Each structure stands twice: as C-alpha cells, then as structure tokens.
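Overview (structure and organization)
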Amino acid sequence: MAWSTVDIGAYKAAAGGTDVATTPDNLVLTEYPASIANNVNVATSLDTLVLTEYAATISVGIDVATTPDTLVLTEYPATITSNVEVTTTPDTLVLTEYAATISTVNNVDITTNPDTLVLTEYPASIANNVNVATTPDTLVLTEYPATIAFGVNVATSPDTLVLTEYAASIANDVNVATALDTLVLTEYPATVSLANDVDVTTSPDTLVLTEYAASIANNVNVTTSPDTLVLTEYAASIANNVSITTALDTLVLTEYPATIALNSAVDTTPDTLLLTTYPVTFGRDVNVLCNLDTLILTAYSATVNSQTWVPVDTTGGNSWTPVDTTGGNSWTPVDTAQAATWVPING
Amino acid sequence: MTDFVQTLKSTGGNYSLMSTWESGQQCDLTSATTKVFSHGGITGGPFTDGETINFTSGGSGLMIGVATTTQIMLESLTGTINSSDTATGATSGASVVISDAGNSASVVLECDAFICTDTGGADISGWTTGASNYITIKPAAGAEHGGVVGAGFVYKSTNNNAVTLDIGQAYTQLIGIEVRNAAALGAIALYITATTSANVFVDKCIAEVENPNAVADGALRVARSVDTVIRNSLFINKDATYGVAAMLDQRSAGIASIYNSNFIGGVQSVDWVSAVTTCSYPIIDCIFVGPVETVVTTHDGSTGYNAFSSTGAFGANQKTIVTTFGVDFGDYANDDYVPVAGGNLAGFGTDLSATFTDDITGATR
C-alpha cells in the first residue's frame, strides 16, 4: 500500500486544516507573514490574539471583540486597519514598534475603563482627535520624540503622565489638572514651560525633576499642601520668584551646586531644608523662617549668609540648633566644646 | 533460526550496561555448535558465564552470557542432546529442563526506556554473524521513543574523546534506539565501522553529540559499510563550532541507501569522508540542516526529493526549508522536526512504500 502522504524527513507531517474556534481560544501567530484573513473569527470569551512578527495584519472586517480583549502588535508595520474595533472592558492595546500608529482617519476608539495605552517606540504618536478619556487613565510615552499633540486631552482623576525621554514635552495648552496629579520628567532638558501657563495645581502634588538642567521656570507655581519638591541633579535650581509655600513643605537639594536663588522663599511650619553637598549656598534674602526649623549643612565650606552663624573652625563640627527662631545671636553651637570657634557674621 | 532475547534495564534486567552485554554475549552465531534452547525455568543458580553445561543424554556445551528465565544459549556443543534433557552447570549447579534440542540463534537486546550511562560506550565487534544469524538492538515493547528525543531508551557515554556506540560487526540492526555522546570532550555518537559485507541496518534511531570536540565528531559516521541501510532516523549535532550531523563515506561499495532521515548540523549537515567526487548510493527524502560539503559533484541517479536549509544541495527535486518556528518544522529549536501541514516538507517527497511503510514514530506513512 502506498504512503498516504509522501513527506520528506523522518517524520510523517502533521495533519492540516485545524480550526481554532472554542472557549478559551488561544491563537498565537509567531511568524511572518502571519495573517488572519477576512471572515476568520476569533470570537469567544477569554480570547487572546498575539501577533509577533512583521507584516502581521488584521484584515478589514475582523473583529476581536469579547471580554477581556488583549491585542498585542509587536512588529512594524503593525497596523489596525479601518473599522477594526477593540472595544470592551478592560481593553489593553500595546504597540511596541516604530511606525505603530493609531490612525486618526479610521476612527479607532479606545474608550473603556480602565484604559491602558502604551507606546514604546518612536515616532509613536497619538494623532489628533484620538481620545484616551476614562478613569483612571494611564498614558506612558517612553521614546523620543514622544509628543502629545495639540488638542489631545488627558483629563480625568487620577491622571498619571510619565515622560521618560528627552525632548519630551508638553505642548501648549495641554492640561494635567486634577487631584492626585503626578508629573514625572526623567530626562533633560525636561521643562515645565513658563510661557505655556502650565499649572500643576492640586493636592497632593508631586513634582520630581531627576536630571540636570531641570528647572522650574519663573512664575510656575507648585502650591499645595503637602508639597514635595525633589531636585536630584546638579544645576538644579529654584529660580527667582518661585514659591514653595505651604505647611509641611520639604525641600531637598541633593547635588552641587544646589542653590536657592535670591528672593526665594521657603517659609512654613515646620520647614525642613536639607542641603547635602557642598558648596551649598544661600543667596541673599533667602528666608528659612518658621518654628522648629531644622537647618543641616553637611559639607565643608557650607555657608550661611547674613544674620546667621558660620563655623570658623571646621574641625569642630558643623551643626547647630536654633534657640530663637528670629535668628541673630540666638543660635547655639551643638558642640559646646568648640564654642569659641563659632562666630556670628552679623550678630 | 530462533531469537535469543535478553533485556537491558536500569535494574531487574539481564544486563544494565550494553558493553557488559556485548562482551558477555559475544560469540560465533553462525557456528553449528552454537544454539539457543528453550526451558521452563532455572533451578538453583545462577549459571556462570562460560561454565560447562552437561546434558542428561551425554552432550555438553559452554554457557554464553546470562541465561534468561526462558532461554539459554550455548556454544561448543558436542554429544547427544535430547529435547527433554536436563542441562546442569558443572560449576554453579544450576539446572534447566530444556524443551527443544536447540536452534541456530540470532541475538536480540531489548532495551527498557531509561538513560543507560555506559561511560566508555560499547563496541559491537568480534562476533561472527551472517544473514540468518544477526544482532538486533531495539526497545522493548512500550519503550519506544515515538520520535521524541529522550523519550525512550537512551544509550549515553561520557568518556572524553570516545565513541558512544561503535558498530564494527556486520549484520547488526539498530531499531528505534537513541545514542547520545554526552562527554565534555565529545566524540562520534554512532560510528558504523563495519566494512566488508557490513549489512548494518539503522531504522528509527536518534543519534546526537552534545559537546563535539572536533569536526570529525559527527552524530553519525559511516565508513564504507557495504549494504548498510539508514532510514527514518535523526542525527543531531547543533554545536556552533563542530556541529556536523554526519560524516558519510561516499565511495563505491559503501552505504546501500539513506532514506527519510534528518541531518541536523549546527555548522554542517554532511561532511563527506573522502575527496572522491562521486556518491554511489541513493539519498532520498532526507532533510539537511546546515550546508552539505560540496566535495561530491556526481550523485546516484535516483538521489532526490531532499530538503536543504543552506548550501550544498544536491539531487533532483530539491526543496529549500526554513527552520524558524512553525514554518517547516513544528519547533526546530526544541527538536520537534515534524513537518508542519502545508510546509515545504509535507507531501513533497517520493513514495518509498515498496521498501518501508512507517516513520520514526512507528506510524504508518
């Protein structure tokens, strides 16, 4: 009797023509040109569709539409063509390669709760008029030049906006403006622009600038209670006329030359000002004014300007405590054995 | 001719190492004074290898290897032997009551499904065999690997630079076993060194080298082994430096045929042994992953229907294969070489059903 199939090699070939159409379905296409042709449905509960190679496409008229849906496109040019909807709760759409796009013209909506949209490669973009607009929204842009185009709103509570690469920017008229806002800028020259009237104005606000040349421009306010402002790299500065003005403020400057500029005020109760690296300087007219202030200068050559005391003999310790918060000669050296070596500059 | 069947098991078999079986059982199978007898059970004992066995009718012979619960095999037989004699060991005192007058023998080693680590490997040679008196090494019923690497009987050696299984004996059949060279400085897994009238038969076997130490250390190497047949087998050497699946002697009066076998090489699928530019035997329905050395320019006229992943393709009706997951193989990286439905391998060979009808798993093709 002749062979039923004349297969090459040691093994008879696997049988073909198998349908995958039950619950739970798990369809994984790992090689190009993997495709799901028209009119092929993967449509049951706990559907999982994973396309891992390029030229993977979901053709027109194919729906992936159950709960929960997971659609992962990992290679370029991955596209979601016209009229394909991913529309259940919770939706997860992950685009990991460049040229990954959510087209504006196709009316693709990601509109449920909670939405998660992750764009990991450039030029990842959210085109005009695409909405990511539910509660809670999470928008993560991990590559440059990641942008949020004009007219795109991330506007619910709580919002989380994370920009992790340089040239990350918040364009004009983009608002991040609800309670429990978190704005994290991790690369230079990350900026909160002055001219754009960007406000970070809710309670509690957390503003973290982690790279040099990080700055808070003039007239940008960080003004709620409790505020936490952390500047972790050198050249970190608080510009003139920047106010940090609530109770339980904490200002931490961790790199030199950390400076508090002229006319900057840090003035609530109780304030904690930590300067950890030399040469830390206070400009003139910088106020650290409230009850139970703690001023710690941890490095040599730290100086306190007018109306304060400075150590002359740096071998004798460099800490002191305030007795009278009005300043002047009410400061007492911690190491009394070295008292003679401390002198007021302007007693 | 009657098969003298012994078992190879990790425990509880007639033998636990193939090398011990080979040295204990080695004999002249073709001699008229070598015979296998059936019996109803051993009293006393055990028998001692090589001891004199005396029959109640006056005949005698020498015990070969280990007696089984149903058979004994003797050589140097002489004198009168009747089919109901009691055969008693002169040294051990063990005895059996035989139920026949003895028959010409072939030997069969039935292997259990386990990894038999025989550090120095085995050399099947020094016997006298023939077309009617041959050696068979195969899995016991139910211990077949089913085409899955490591799933059945695995004969493994670990000594550096030592061949795992050397078939120097003509008329030896290897059916459905796996041979693995696992030495840190690996050598050839299956080496067929029998030459004149070799008639070695390799079917549904898997041979692999884990850590080859030289280009010559293929999973398979075949000398000019006359009338040797290889089919439905898998030869794997994926090493990135010395990954040669097989070294085949292409010269005339050598191998008879190679059908439906996979040569999986990390560097090269086949390295021809000689500089002779003609390969005189048919190679049909085979798969070659990695280049084939291009020494041979002229192949047997029936060679064809082979698939190649790289350079050195030969013969008619060639196929180019892709080893990426799921394209032509089920999962190449994990030793799943089953052709996928609709791929380059499925349905594109030629029908050899006149010669055999199964595949490496034992399934009907």
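Procedures and definitions
- Residues numbered from 1 in each chain as written.
- Chains lettered and ligands numbered in written order.
- Predicted model: local features only at pLDDT ≥ 70, side-chain atom pairs only at ≥ 80, totals over all residues.
- Heavy atoms only, no water.
- Helix = DSSP H or I, 4+ residues; strand = E, 2+ residues; numbered from the N terminus.
- Contact = heavy atoms within 4.5 Å.
- Areas by Shrake-Rupley, 256 points an atom, 1.4 Å probe, with all protein chains shown as cover.
- Buried < 20%, exposed > 50% of the residue type's maximum accessible area, 1.4 Å probe, protein only.
- Pairing = 2+ DSSP bridges.
- Axes fitted to C-alpha atoms, helices over the stretch in contact; angles between N-to-C directions.
- Salt bridge = Lys/Arg side-chain N within 4 Å of Asp/Glu carboxyl O.
- Buried area = accessible area lost by both parts, 1.4 Å probe.
- pLDDT = per-residue confidence, 0-100.
- Phe/Tyr/Trp six-rings, centres within 6.5 Å; stacked < 30°, edge-to-face > 60°.
- Lys NZ or Arg CZ within 6 Å of the ring centre and 35° of its normal.
- Disulfide = S-S within 2.5 Å.

This part is about the overall build of chain B. Counting its regular elements, chain B contains one helix and 31 strands. The contacts in chain B between residues at least 6 apart in sequence include a share of 69% that link residues at least 24 apart. Total accessible area computed for chain B in this model is approximately 12700 Å², and 47% of it derives from carbon and sulfur atoms.

Attention now moves to the overall build of chain A. Counting its secondary structure elements, chain A contains zero helices and 31 strands. Per-residue burial over chain A gives 38% buried out of 347 residues. Considering only intrachain contacts with a sequence separation of at least 6, the fraction spanning at least 24 residues in chain A is 17%. Just so you have it, chain A exposes about 16800 Å², and 55% of that area is on carbon and sulfur atoms.

Here we come to the environment of B:Thr70. All names here are of chain B. Along the chain, the position of Thr 70 falls in the loop between strand 4 (60-63) and strand 5 (71-78). For Thr 70, a relative accessible area of 43% translates into the label partly exposed. Separated by 26 residues in sequence, Thr 70 and Val 96 have C-alpha atoms that sit 9.3 Å apart. Among all residues touching Thr 70, those that are not within four sequence positions of it are Phe 37, Ser 38 and His 39.

Looking now at the side chain of B:Ser257. One can find B:Ser257 in strand 23 (residues 257-259). Residues within four places of B:Ser257 in sequence aside, it is in contact with B:Thr228, B:Val229, B:Ile230, B:Tyr281 and B:Pro282.

Residue and element names in this part refer to chain B. Spatially, 10-13-16-19-22-25 is the arrangement adopted by the six strands of the open sheet, whose pairing is parallel. The open sheet has two edge strands with one neighbour each: strand 10 (122-124) and strand 25 (268-272). Within the sheet, the average angular offset between the axes of one strand and its neighbour, ignoring direction, is 10 degrees. Two elements, strand 13 (residues 165-167) and strand 16 (residues 190-192), share three bridges in a ladder whose sense is parallel. Counterpart to Ile 167 in the pairing with strand 16 is Ile 192. Packed onto the sheet, helix 1 (residues 18-25) meets strand 10 and strand 13 and runs at close to 35 degrees relative to strand 10.

Adjacent strands of a sheet pair through backbone hydrogen bonds, lying either parallel or antiparallel. Residues and elements named next belong to chain B. One open sheet accounts for six strands, arranged 2-5-4-3-6-7; its pairing is antiparallel. The open sheet has two edge strands, strand 2 (35-38) and strand 7 (95-97), and neither has a second partner. Within this sheet the neighbouring strands show an average axis-to-axis angle of 35 degrees, counted without direction. Relative to strand 5, strand 4 is paired through three bridges, and the arrangement is antiparallel. Bridge pairing in strand 5 places Met 63 opposite Leu 74.

Residues and elements named next belong to chain B. Evaluation of the coordinates by the stated rule reveals eight salt bridges over all chains. The partner of Arg 180 in a salt bridge is Glu 208, and the shortest N-O contact between them spans 3.1 Å. Residue Arg 180 is found in strand 15 (residues 178-181), and its partner Glu 208 is found in strand 18 (residues 206-209); the two are separated by 28 residues along the sequence. The two residues Arg 180 and Glu 208 agree in class, both being buried. We note a salt bridge from Lys 204 to Asp 203, for which the minimum N-O separation is 2.7 Å.

The next point concerns the interface of chain A and chain B. Often, the extent of an interface is quoted as the loss of accessible area upon association of its parts. With 18 residues of chain A at the contact, the number on the chain B side is 37 residues. Carbon and sulfur atoms make up 62% of the surface buried where chain A meets chain B, a total of about 2100 Å² over both sides. On the chain A side of the interface with chain B, the three residues burying the most area are A:Trp3, A:Ile8 and A:Tyr11, jointly 44% of the side's total. Counting across the interface, chain A meets chain B through zero salt bridges.

Before going further, it helps to spend a moment on the pairing of strand 21 (residues 234-237) of chain B. All names here are of chain B. Going residue by residue along strand 21, you find Leu 234 and Ile 236 tucked away on one face and Phe 235 and Asn 237 tucked away on the opposite face as well. Of the pairings in the sheet, the one linking strand 18 to strand 21 comprises three bridges and is parallel in character. Opposite Ala 207, over in strand 21, you have Phe 235 as the bridge partner. Pairing of strand 21 with strand 24 (residues 262-265) involves four bridges; the strand directions are parallel. In the sheet register, Phe 235 faces strand 24, and the bridge partner there is Phe 263.

The subject of this paragraph is the confidence of the model for chain B. On average, residues of chain B carry a pLDDT of 93, and 99% of them reach 70 or more. Interface confidence in the predicted complex, given as ipTM, is 0.90; pTM for the same model is 0.58.

Residue and element names in this part refer to chain B. Taken as a whole and assessed by the stated rule, the structure comprises 15 aromatic pairs over all chains. Their ring planes at 25 degrees and their centres at 5.3 Å tell us that Phe 235 and Phe 263 sit as a pair that is stacked. Of this pair, Phe 235 sits in strand 21 while Phe 263 sits in strand 24, and the two are 28 residues apart along the sequence. Each of the two residues, Phe 235 as well as Phe 263, counts as buried. Relative to Phe 356, the ring of Tyr 259 has its centre 6.3 Å away and its plane inclined at 15 degrees; by these criteria the two rings are stacked. Remark: Phe 356 occurs in the segment after strand 31 (336-339) and Tyr 259 occurs in strand 23; sequence separation between them is 97 residues. Of the two residues, Tyr 259 and Phe 356, neither departs from the other in class, the shared state being buried. Here a set of aromatic residues connected by ring pairs shows up, and it is made of Phe 235, Phe 263, Trp 272, Phe 288, Phe 308 and Phe 314. The lysine or arginine in question, Lys 238, covers the ring of Tyr 332, its NZ or CZ lying 4.3 Å from the ring centre.

Another point: the state of the cysteines. All names here are of chain B. All told, the structure shown has zero disulfides over all chains when counted by the stated rule. In this structure Cys 111 is not part of a disulfide, and its nearest cysteine sulfur, from Cys 116, lies 7.6 Å away. A relative accessible area of 0% means that Cys 111 is categorised as buried.

Our next topic: the side chain of B:Asp249. Position of B:Asp249 among the secondary structure elements: in the loop between strand 22 (244-248) and strand 23. Non-local contacts of B:Asp249, meaning those with residues more than four positions away in its chain, are made with B:Val222, B:Ala223, B:Arg224, B:Ile255, B:Val273 and B:Tyr281.

Residue and element names in this part refer to chain B. When you line up the elements, Asn 199 lands in the loop between strand 16 and strand 17 (201-203). For Asn 199, a relative accessible area of 23% translates into the label partly exposed. A sequence separation of 69 residues divides Asn 199 from Gly 130, and the C-alpha atoms of the two residues are 9.1 Å apart. If sequence neighbours within four positions are ignored, Asn 199 has contacts with Tyr 171, Thr 172, Val 226, Asp 227 and Thr 228.

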